[in-house]
Amino acid sequence: MYDGDESEGPKGTFEIYKAEADTLYKQGEYRKSIESYTTALELQPNEKNTLVARSKCHLQLGDTASALLDAETSLSDDKTFHKGVYQKAQALYYQGDFEMALVFYHRGHKLRPELQEFRLGIQKAQEAIDNSVGSPDKVQLTTEGDLTFFQKQDEKRLPKRGGGYSMGRSLAQAPIRRRKFDLNRSPGNEKTIKQLLGELYGDRQYLERLLKETDPNTNMGKTISNLVEEGLMYLDTRTDFWRQQKPMYARRHEKIMQRHRFESNTGKLSPNDYIIRELERIDLAQIEGKYQESLKKAQRCLSTVENFTEDQVPNKLEVIANLHSCIGNAYLEMGQFDKALEHHQLDYNMGDAHNLEEAKSRGLDNLGRVNARHGNYQKAIDVWEQKLPISKSALESTWLYHEIGRCYLEINKFEKARDYGEKSLTAAEEAEDPMWQLQATVLIAQSEVKLGDLSGALATFETSLDLARAQGDTSAETAIKKAIGEVNAKIAKGGSRGSGKSADAELKKTETKPDQDIDPNASSLERVDTKMEETRKEEEAEERERKEQEKKEQERKEQERKEEEEQKEKERIEKEKQEAEKKEQERKEKEEKEKADQEKEEQKTDDDKGEGD
């Protein structure tokens, strides 16, 4: 990774090491990816997206402690960084701390309610808690028992040694705490471990045999023993995690319940299980860009849910409203705006009629979004202004103000666009969200250019540039610099305000709709404004690619497993065949020997008779 002496430090740029690490992660080279991310962090310490990426690598390697540390570091400057919140929740979940994971899944869902990963995280954490402790009404709290939780809380309040976070050394190189393994477990415990580990149980048996047969007194033996103990430690932590996530009694109960589940066209699942499964599949298809598939699944699920009773599904109305929203989203992505409006209107109407706040809020969001995509900017403004009074957070308000301002910009009401841009900026500052502060200042600057206030636009773009630099957003920084160059050129031609008409006429040629693809010949101002949409699509594409890689890896492992089983089966058949042939040969030899002995005996008898005569 370094050229020459390591003491000279990294030779490349942050972007090069970051791109290298991203590529290694996609290839499954997690340890090498950690090294590249660590080098990148030496160049830009505490860059939060890189910390989250390295945390994912640690999680893939089973190093949950390092994953949690990186996730927490990414949140040190911005507690509302949703990627860091999600990664911290993931690390806590895989540590087996389901309660705290649930807290952070809820926190992320409150920050970004539109992201489905937080909703799925809440579901799996709650299920793990229920499996671990049972129903709340069966739990009785006493003052007796293990108080180590409170001791750990006290330890967290004590000042830590070391004075901070070292970026020069990868967390993967941290010393591993070792412990002795009990190789003589009881049969009952062994059976439980076998059920929990599944296919990995064979690997565990191999490692245990290897540990017994290795002499730890030699250098090579010591190295092998250390590696084997690391492997056994990892399998032990996974066993403990799976035991907490879904204990054996829960697994047995689940098997029993599967025999008594509701039998219908839902595939022998209970109504609630069927709904949760289908909603996850609908969301996944939407994320992967399979909008036709998502639409069909949502329509089929809606038809089934409508036939359920209120006793079977107590929140039936909420589920139906949510499914109309899913159908509307699929139609929107397929460009069928009228049908999208129809279903989002049904979602909103059900929320309004039955006082379902989430459905009302979601319906207004989506109705505005469809109208904006369709070019009906005034209708989008009217809908989103209905949503403003019921906004639940400053972050939600800054998004609404920004989108309303964008629509005003499209219909040439530039003063309104600037006013809503300033409102968006105020809300973003209240939410302490630098990304939306950047978006809001760009909107204000665009409006000022349209109004002919070029000196004001220049000052606002300078503020935007500072925000982009602070976030390490190099693409936004480049686009803003180009926009500043354009504004300076216009000031040089016609002054800061006196050439309002000519400046406006010049910029009017470059107007585009916010949801269209970026024209390579478009103004840099518009490229900046579409940055948010580009980033979202890139993240979705990366997520789809990651899931596709995981799927391929699983298929490859499954194929290898099948080939291995087939090879073993062939070897078994060949061995049985050889044993059968060997037994047949032994049988024939035995028969021939017995026959020869019998002939000798008969010959001897005949000889004895001849001598007697």
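Predicted, not measured: the structure shown is a model, and the values here were computed from it.

> Hey, could you run me through the overall build of the chain in this one?
Broken down by element type, the chain carries 26 helices and zero strands. Looking at the 613 residues of the chain, the share that counts as buried comes to 38%. The contacts in the chain between residues at least 6 apart in sequence include a share of 59% that link residues at least 24 apart. Surface summary for the chain: the accessible area is close to 36500 Å², and the carbon and sulfur share equals 48%.

> Where do I start with the packing of helix α18 (residues 377-387) against helix α19 (residues 394-410) in this structure?
Helix packing for two helices is described by the angle between their axes and how far apart those axes are. With their axes 9 Å apart at the nearest point, α18 and α19 run at an angle of 160° to one another. Compared by their axis directions, α18 and α19 come out roughly antiparallel. Between α18 and α19 lies a crossing of left-handed hand. Contact residues: Tyr 377, Ala 380, Ile 381, Trp 384, Glu 385 and Lys 387 in α18; Glu 396, Trp 399, Leu 400, Glu 403, Ile 404, Cys 407, Tyr 408 and Glu 410 in α19. Split into classes, the residues belonging to the contact of α18 with α19 amount to nine nonpolar, no polar and five charged.

> I tried to follow the confidence of the model for the chain on my own but got confused; where do I start?
Keep in mind that low pLDDT regions are not for reading the predicted coordinates in detail. Taken as a whole, the chain shows an average pLDDT of 77; of its residues, 74% reach a score of 70 or greater. Averaged pLDDT values over the elements of the chain bottom out at 40 in helix α24 (residues 500-508) and peak at 93 in helix α3 (residues 48-60). Residue range residues 1-7 is modelled with pLDDT below 50. Its contacts to residues more than four positions away, or to other chains, number 10 contacts. Of the regions scoring below 50 in pLDDT, residues 497-529 engages in 60 contacts with residues more than four places distant in sequence or in other chains.

> Mind showing me how you'd approach the state of the cysteines here?
Among covalent bonds in proteins, the disulfide is the one between the sulfur atoms of two cysteines. Across all of its chains, the model carries zero disulfides by this definition. Looking at Cys 301, it has no disulfide partner, and the nearest cysteine sulfur is the one in Cys 326, 8.5 Å off. Here Cys 301 falls in the buried class, since its relative accessible area comes to 0%.

> What's the story with the pattern of salt bridges in this structure? I'm lost.
Where charged atoms from two side chains of opposite charge approach closely, those side chains can pair. The full count for this structure, using the stated rule, is 28 salt bridges. Glu 278 serves as the salt-bridge partner of Arg 277, at 3.0 Å between the closest nitrogen and oxygen. Overall, Arg 277 belongs to the partly exposed group, its relative accessible area being 26%. Overall, the relative accessible area of 4% leaves Glu 278 in the buried class. Glu 550 is paired through a salt bridge with Arg 546; the nearest N and O atoms lie 2.3 Å apart. Here Arg 546 and Glu 550 lie together in helix α26 (residues 531-612), a separation of four residues that amounts to about one turn. Residue Glu 550 is classed as partly exposed on the basis of its relative accessible area, which comes to 31%. Residue classification places Arg 546 among the partly exposed residues on the basis of a relative accessible area of 26%.

> It is not clear to me how the UniProt feature "repeat: TPR" (unreviewed entry) in the chain should be interpreted in this structure. Could you clarify?
Under the feature "repeat: TPR" (unreviewed entry), the UniProt entry names residues 14-47 and 398-431. Structurally, residues 14-47 is divided into 79% helix and 0% strand, and its ends, taken at the C-alpha atoms, are 10 Å apart. As a span, residues 398-431 carries 91% helix and 0% strand, and end to end its C-alpha atoms are 8 Å apart.

> Please clarify how unusual backbone geometry should be interpreted in this entry.
In terms of backbone geometry, most residues other than glycine have negative phi values and most peptide bonds are trans. Even without being glycine, Asn 46 reaches a positive phi, approximately 60°. Here Asn 46 falls in the partly exposed class, since its relative accessible area comes to 34%. Even without being glycine, Asn 412 reaches a positive phi, approximately 65°. Structurally, Asn 412 can be placed in the loop between α19 and α20 (414-431). Taking relative accessible area as the criterion, Asn 412 reaches 35% and is therefore assigned partly exposed.

> It is not clear to me how the packing of aromatic side chains should be interpreted in this structure. Could you clarify?
Tallied over the full model, the rule gives nine aromatic pairs. Taking 5.5 Å as the distance between ring centres and 85° as the angle between the ring planes, the aromatic pair formed by Tyr 86 and Phe 118 counts as edge-to-face. Pair noted here: Tyr 86 is in helix α5 (residues 82-94) and Phe 118 is in helix α7 (residues 116-133), with a separation of 32 residues, a long-range link. Since its relative accessible area comes to 22%, Tyr 86 is described here as partly exposed. Given the relative accessible area of 0%, Phe 118 is considered buried. Seen in terms of ring centroids, Tyr 274 and Phe 308 are 6.4 Å apart; in terms of plane orientation they differ by 80°. Their pairing is edge-to-face.

Conventions we followed
Residues numbered from 1 in each chain as written. Predicted model: local features only at pLDDT ≥ 70, side-chain atom pairs only at ≥ 80, totals over all residues. Heavy atoms only, no water. Helix = DSSP H or I, 4+ residues; strand = E, 2+ residues; numbered from the N terminus. Buried < 20%, exposed > 50% of the residue type's maximum accessible area, 1.4 Å probe, protein only. Contact = heavy atoms within 4.5 Å. Areas by Shrake-Rupley, 256 points an atom, 1.4 Å probe, with all protein chains shown as cover. Axes fitted to C-alpha atoms, helices over the stretch in contact; angles between N-to-C directions. Parallel < 35°, antiparallel > 145°, perpendicular 65-115°, else oblique. Left-handed = near helix turned anticlockwise from the far one by under 90°. Nonpolar A, V, L, I, M, F, W, Y, C, P; charged D, E, K, R; others polar. pLDDT = per-residue confidence, 0-100. Disulfide = S-S within 2.5 Å. Salt bridge = Lys/Arg side-chain N within 4 Å of Asp/Glu carboxyl O. UniProt positions renumbered as here; feature names shortened; annotations may be inferred. Phe/Tyr/Trp six-rings, centres within 6.5 Å; stacked < 30°, edge-to-face > 60°.

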